[in-house]
Amino acid sequence: MNREVIIKTEKIVKSYDITKTNRLEVLKGIDLEIYKGEIAAIVGKSGAGKSTLLHIIGTLDKPDKGKVYFDSTDVFEMSDKQLSSFRNKSVGFIFQFHHLLPEFTVIENILIPSLISGHRNREAADRIISEVGLSDRINHKPSEISGGEAQRVAIARALINTPKIVLADEPTGNLDTENAESVIDLIFKLRERLGQTFVIVTHNEEFAQRCDRIIKIADGIIINS
Ligand SMILES: Nc1ncnc2c1ncn2[C@@H]1O[C@H](COP(=O)(O)OP(=O)(O)O)[C@@H](O)[C@H]1O
Ligand SMILES: [Mg+2]
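Provide a residue-level description of helix H4 (residues 122-131), including the pertinent values.
For H4, the complete set of buried residues consists of Ala125, Ile128 and Ile129. Taken around the axis of H4, the buried residues stretch over an arc of 105°, which confines them to a single face. Exposed and facing more than 90 degrees away from the buried side of H4 are Glu123 and Ser130. Check the buried side of H4 and you find it contacts helix H3 (106-116) and helix H5 (147-159). Following H4 by one or two positions, Gly133 has its phi on the positive side, about 75°.

In structure tokens, the structure reads:
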């Protein structure tokens with residue numbers, strides 16, 4: 001396997017104020033390396049800090065302490081403007097709920113990140129829509145497709161700008177077994193076709209077992225990797 005490191009975190013610490021006197025330390029020093037082309041699963045109990053870590057890796061949130069490096073660049077050294085451009089171009093996000101815009105068609109939803117980056121790319125959208133198997137649904141609105149299809153559209157949207165990494169937070173958490181399986185199969189197929197790197201928070205044991213590596217968080221630290 002290719003062991004080129006694409007993301008590295010160093011001693012990530014994150015806590016939240018629960019009350020004026022009570023602080024919850026969620027992440028207590030996370031050291032992590034993600035390799036190019038791998039599919040890594042992040043697992044752990046509810047409340048363990050999985051989403052918090054994923055948001056920090058994706059620069060949606062900042063740690064109290066510690067560093068995140070993308071291809072050796074210290075991301076939190078960037079200005080807010082550089083950071084939002086970086087996020088748009090280099091990171092794809094998939095959430096538990098698809099968060100498609102209801103007024104827009106499937107193809108328009110997929111194109112949105114490319115519009116934001118100023119490189120509207122209809123050809124890339126057609127290619128990725130074909131990869132996710134929804135070429136015959138491009139003019140449908142989100143309300144006119146199934147939950148599984150909507151999640152496949154969300155995956156296409158995450159990939160339109162060919163990001164360095166795709167971060168997924170319980171992408172099958174809202175799907176029945178059959179749709180969950182098709183989303184999981186799709187993620188593996190996309191990795192094979194595009195060499196895409198994925199970091200996936202999941203409660204789906206079968207999914208986690210299929211991944212290249214399981215990263216387990218407990219008590220604010222990684223207990224294996
Ligand atoms: N913005 C916030 N303010 C206060 N507490 C938060 C906030 N976000 C998350 N938490 C708390 O931090 C802990 C970890 O949350 P989270 O990362 O969402 O866990 P997981 O995704 O593993 O279920 C939880 O106890 C949660 O309630
Ligand atoms: Mg979570």
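Let's hear about the packing of H3 against H5: which residues, and what values?
Where H3 meets H5, the closest approach of the two axes is 7 Å, and the angle between their N-to-C directions is 30°. The orientation of H3 with respect to H5, classified from their angle, is roughly parallel. Our pair here, H3 against H5, has a crossing hand that is right-handed. Two secondary-structure elements touch here, H3 through Val106, Asn109, Ile110, Ile112 and Pro113 and H5 through Val153, Ala156 and Arg157. For the contact of H3 with H5, the per-class residue count stands at six nonpolar, one polar and one charged.

Requested: an account of helix H6 (residues 177-194), with residues and values cited.
In this model H6 runs 25 Å from its N-terminal to its C-terminal C-alpha over 18 residues, within 8% of the 26 Å that 1.5 Å per residue would give. Here H6 has its buried residues at Ala180, Val183, Ile184, Ile187 and Leu190. The arc that holds the buried residues of H6, viewed along the axis, is 120°, so those residues lie on one side. Relative to its buried face, H6 has exposed residues pointing more than 90 degrees away, namely Thr177, Glu178, Asp185, Glu192 and Arg193.

Go over the pairing of strand E7 (residues 165-169), please, and point to the residues and values.
Counting buried positions over the five residues of E7 gives five, a clear majority of the element. Burial along E7 is two-sided: Ile165, Leu167 and Asp169 and Val166 and Ala168, pointing in opposite directions, are all buried. Where strand E6 (residues 91-94) lies against E7, four bridges are found, and the strand directions are parallel. Each residue of the ladder has a partner; that of Phe93, found in E7, is Leu167. Two elements, E7 and strand E8 (residues 197-201), share five bridges in a ladder whose sense is parallel. Bridge pairing in E8 places Ala168 opposite Ile200. In this view, the connection linking E7 to its parallel neighbour E8 by way of H6 has right-handed handedness.

Calculation criteria
- Positions within a chain are numbered from 1, following the residues in the order the chain's sequence is written.
- Key to labels: chains lettered from A, ligands numbered from 1, both in the order written.
- Reporting of local features is limited, given that this is a predicted model, to residues whose pLDDT is at least 70; pairs of side-chain atoms are given and counted only at 80 or more, and all residues count toward the totals for whole chains, interfaces and linings.
- Residue burial here comes from a neighbour count, namely the number of other C-beta atoms, placed from the backbone, that lie within 10 Å of the residue's own C-beta, with 20 or more meaning buried, 12 or fewer meaning exposed, and in between meaning partly exposed.
- A run of DSSP states H or I qualifies as a helix once it reaches four residues; a run of E qualifies as a strand once it reaches two. Both are numbered from the N-terminal end.
- Throughout, the arc means the angular range of directions from the helix axis out to the C-beta atoms.
- We call two residues in contact when their backbone-placed C-beta atoms lie within 7 Å.
- Axis geometry follows a simple rule: fit a line to the C-alpha atoms, using only the stretch in contact for helices, then measure angles between N-to-C directions, giving values from 0 to 180 degrees.
- Orientation labels follow simple angle bins: below 35 degrees gives roughly parallel, above 145 gives roughly antiparallel, 65 to 115 gives roughly perpendicular, and whatever is left gives oblique.
- Note: crossing handedness is left-handed where the near helix turns anticlockwise from the far helix by less than a right angle, and right-handed where it turns clockwise.
- Classification used: nonpolar for Ala, Val, Leu, Ile, Met, Phe, Trp, Tyr, Cys and Pro, charged for Asp, Glu, Lys and Arg, polar for all others including Gly.
- What a helix should span is 1.5 Å times the count of its residues minus one.
- Two strands are counted as paired when DSSP detects at least two bridges linking them.
- Crossovers are described as right-handed under a simple rule: with the strands pointing away from the observer, the path leading from the first strand over the helix to the second runs clockwise.

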